[in-house]
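# Descriptive structure summary
Okay, here's what each chain looks like letter by letter:
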Amino acid sequence: MTNMLSRKKDKVDDLAATAGHSLAQQAIRRMSRSPVAITGAVITGLFILLAAFAPLLTPKDPYERYLQSEVALGQGIIPGPQAGFPLGVDDFGRDLLSRMLVGAQQTLLVGVMATLIGLVIGMIIGGIAGAFGGWVDTVLMRLVDVMLSIPSLLLAISIAALAAKPSQWTVIIAVAMVSVPIFARLLRGTMLAQRSSDHVLAATSLGVKRHTIVLRHMLPNSLGPVIVQATLTLATSIIEAAALSFLGLGDPDPTRAEWGLMLGKAARQFLDIRPELAFYPAIAIIIVALGFTLLGESMREALDPKNRR
């Protein structure tokens, strides 16, 4: 009996300690105690810092063909690691380490831009559907269902293949369109749940205008799950962009240093000659995607009401 009372007292003390904290503060507090969240945050933070300061960290010019005279593709010769070139060079004799560092910046750009575009379009569709309901909701959600019925990679390939001149923006738009129905469905569902909440019903009964209710009450309270999903989508965007480049539907510019483009070209042409040219960008993509996934899943668990009991 004493132990039971002690446990109940501890629970009450915990609830009292967190009563004055906001939802975000409580979520950060729980994530700071989670090894999974810390691991994801460290990987993500290092990747962002590496991408931000890549031009300052590169030991050599990533576009200069230093050892081009030593490259003999016909004979299967691409110089490996040596003095001044820790990771060797690529098929044009360019320093691979420098290109990997600069590639982090380009990879982050592709992932962030694709996620932001998909987030904005998805929020517009989901926000309109959740705010108005009725036939507007029905029409928009049927369009979303059509997009969801197509496998994500197949949809991205179809959109990328329609481009007359493939470019980096082709990859970004193709990957962004894949995430649009996910964000639209998620925001629409959370906003429909908000429509029946007490504070929205109270505002409606007081005669508050619909657009004010949507923008000040429903939308802000529906953004939590969407932000978490954006973190997870960022990981899949990087992977899908690499997949498009692997299939030859990515940026055709051979001078651009981007992990997906580097992986696609190396895996198709030089895997038998120098497999490291494919291994390095592949490992980097896997680690970064893992970091964003761990961080996103930790955020989802920290914001879950069931975990706050």
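Residues numbered from 1 in each chain as written. Predicted model: local features only at pLDDT ≥ 70, side-chain atom pairs only at ≥ 80, totals over all residues. Heavy atoms only, no water.

## Notes on the overall build of the chain
Per the secondary structure count, the chain includes 13 helices and 0 strands. Split into buried and exposed, the 309 residues of the chain put 41% on the buried side. A separation of at least 24 residues holds for 73% of the contacts in the chain among residues at least 6 apart in sequence. As displayed, the chain has an accessible area near 16500 Å², and 67% of this comes from carbon and sulfur atoms. (Helix = DSSP H or I, 4+ residues; strand = E, 2+ residues; numbered from the N terminus. Buried < 20%, exposed > 50% of the residue type's maximum accessible area, 1.4 Å probe, protein only. Contact = heavy atoms within 4.5 Å. Areas by Shrake-Rupley, 256 points an atom, 1.4 Å probe, with all protein chains shown as cover.)

## What to know about the pattern of salt bridges
For the coordinates displayed, the defined rule picks out 6 salt bridges. We note a salt bridge from aspartate 145 to arginine 142, for which the minimum N-O separation is 2.8 Å. Pair noted here: aspartate 145 and arginine 142 are both in helix 6 (residues 134-148), with a separation of 3 residues, about one helical turn. With a relative accessible area of 27%, aspartate 145 lands in the partly exposed category. The exposure class assigned to arginine 142 is partly exposed, which follows from its relative accessible area of 42%. The salt bridge involving arginine 185 is made with aspartate 145; its shortest N-O contact spans 2.5 Å. In this pair, arginine 185 sits in helix 8 (residues 168-195) while aspartate 145 sits in helix 6, placing the two residues 40 residues apart along the sequence. Three or more residues joined by partner-sharing salt bridges are found here, namely Asp90, Arg94 and Arg99. (Salt bridge = Lys/Arg side-chain N within 4 Å of Asp/Glu carboxyl O.)

## Let's talk about the environment of leucine 162
You can see leucine 162 is positioned in the loop between helix 7 (152-161) and helix 8. In this structure leucine 162 comes out as exposed when scored by relative accessible area, which is 72%.

## Side note on the packing of aromatic side chains
On inspection of all chains with the given rule, the structure shows 3 aromatic pairs. These aromatic residues form a ring-pair network of at least three members: Phe47, Trp259 and Phe292. A cation over a ring is seen here: lysine 60 above phenylalanine 85, with NZ or CZ 4.9 Å from the ring centre. (Phe/Tyr/Trp six-rings, centres within 6.5 Å; stacked < 30°, edge-to-face > 60°. Lys NZ or Arg CZ within 6 Å of the ring centre and 35° of its normal.)

## Things to note about helix 11 (residues 223-246)
Under the 1.5 Å per step criterion, the end-to-end length of helix 11 is 34 Å for 24 residues, consistent within 8% with the ideal 34 Å. One or two steps after helix 11, the chain reaches glycine 248, where phi turns positive at roughly 85°. (Expected span 1.5 Å × (residues − 1).)

## Focus: the nonpolar core
In terms of nonpolar packing, the biggest core is built from 28 residues, with Phe47, Met100, Trp259 and Phe292 touching the most fellow members. For this core, the elements supplying multiple residues, two or more each, are helix 3 (35-52), helix 5 (96-132), helix 11, helix 12 (259-269) and helix 13 (276-303). Of all the elements, helix 13 adds the most residues to this core, at 7 residues. Setting aside chain neighbours within four positions, we find tryptophan 259 in contact with Phe47, Met100, Gly103, Ala104, Thr107, Pro281, Ala284, Ile285 and Val288. Counting 13 residues, the second-largest nonpolar core is a separate cluster that includes Val171, Ile172, Ala174 and Val175. (Core = buried A, V, L, I, M, F, W, Y, C linked by side-chain atoms within 4.5 Å.)

## Details of the side chain of aspartate 90
Tracing the sequence through the fold places aspartate 90 in the loop between helix 4 (54-57) and helix 5. In this structure aspartate 90 comes out as buried when scored by relative accessible area, which is 7%. Reaching out from aspartate 90, the side chain makes a polar contact with the side chain of arginine 99 at a distance of 3.5 Å. With near-sequence residues (within four places) excluded, aspartate 90 lies in contact with Val71, Ile78, Arg99 and Leu277. (Polar contact = N/O pair within 3.5 Å; in protein donor to acceptor, adjacent residues only side chain to side chain.)

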